[in-house]
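One-letter residues, chain by chain:
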Amino acid sequence: MKKTKDENTEEQILDAAKNVFQSKGMDGARMQEIADKAGINKAMLHYYYRSKQLLFEAVFKNAFSLLAPQLNSILNDDSSLEEKIKNFTTDYTSFMMKHPYLPNFIVQELNRNEDFILKLKENTGFPNLEKFKEKVAEEINQGFIRPIDADQLFVNIIALNIFPFLGKPLIKAFTNKNEKTYKAFVEKRKTEVSNFIINSIKKN
């Protein structure tokens, strides 16, 4: 019973922390507020996670463990490059709409702690680009797409998908969107981004 109780408590903590980090960000979040949302006292929270940083990393790892297998599957399946781009963009955007705090955390954490992503990379399921690169080379050789570096293509895909979340306030200001119209805008980018990338690499 104790093991089940501990697992449930940790799940409550991670869920509460995710909500607080999402609404307040890393700097604005307070351990007391997270403890209150989780229905435990602050001492119990510190028993599970000694610091806000460790808790933030746990929330990130938990969310990343849900996203990474999806992306890895798309990168390594036998689908065409066009399908990979469409599926990657759709899955990535959908996931980030549910976890909007992640992109800013990634950038913040990498600037502050480069070793964190190296530790994360050691985990099973971290996206592997080898089959993606093979597919790019194959479709170049078949004359389907113009010559392009596979690493550059992957970074282009990531950049076009991640910026609307990293630059959300800026985009809302530039395009004069409120929260509702911004969400509709991001939803539309699932097809806008994939079509833009596919058309840019297709051979005429």
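Refer to the structure presented above.
Everything quoted here is computed from the prediction, not taken from an experiment.

(A) Geometry of helix H5 (residues 81-98). Between its first and last C-alpha, H5 extends 26 Å over 18 residues, near the 26 Å set by a 1.5 Å rise per residue. Among the residues of H5, those classed as buried are Leu 81, Lys 84, Ile 85, Phe 88, Thr 89, Tyr 92, Thr 93, Phe 95 and Met 96. Projected down its long axis, H5 carries its buried residues within an arc of 165°, all on one side.

(B) Region of interest: the pattern of salt bridges. The final tally for this structure, using the stated rule, is 11 salt bridges. Across the pair Lys 202 and Glu 82 runs a salt bridge, and its minimum N-O distance is 3.8 Å. Residue Lys 202 is found in the segment after helix H11 (179-201), and its partner Glu 82 is found in helix H5; the two are separated by 120 residues along the sequence. On the basis of relative accessibility, which here comes to 40%, the residue Lys 202 falls in the partly exposed class. Note on Glu 82: relative accessible area 28%, which makes it partly exposed. Ionic pairing is found between Glu 179 and Lys 168, a salt bridge with its closest N-O pair at 2.8 Å. Of the two residues, Glu 179 is situated in helix H11 and Lys 168 in helix H10 (residues 168-175); the sequence distance between them amounts to 11 residues.

The rules we used
Residues numbered from 1 in each chain as written. Predicted model: local features only at pLDDT ≥ 70, side-chain atom pairs only at ≥ 80, totals over all residues. Heavy atoms only, no water. Helix = DSSP H or I, 4+ residues; strand = E, 2+ residues; numbered from the N terminus. Expected span 1.5 Å × (residues − 1). Buried < 20%, exposed > 50% of the residue type's maximum accessible area, 1.4 Å probe, protein only. Arc of directions from axis to C-beta. Salt bridge = Lys/Arg side-chain N within 4 Å of Asp/Glu carboxyl O.

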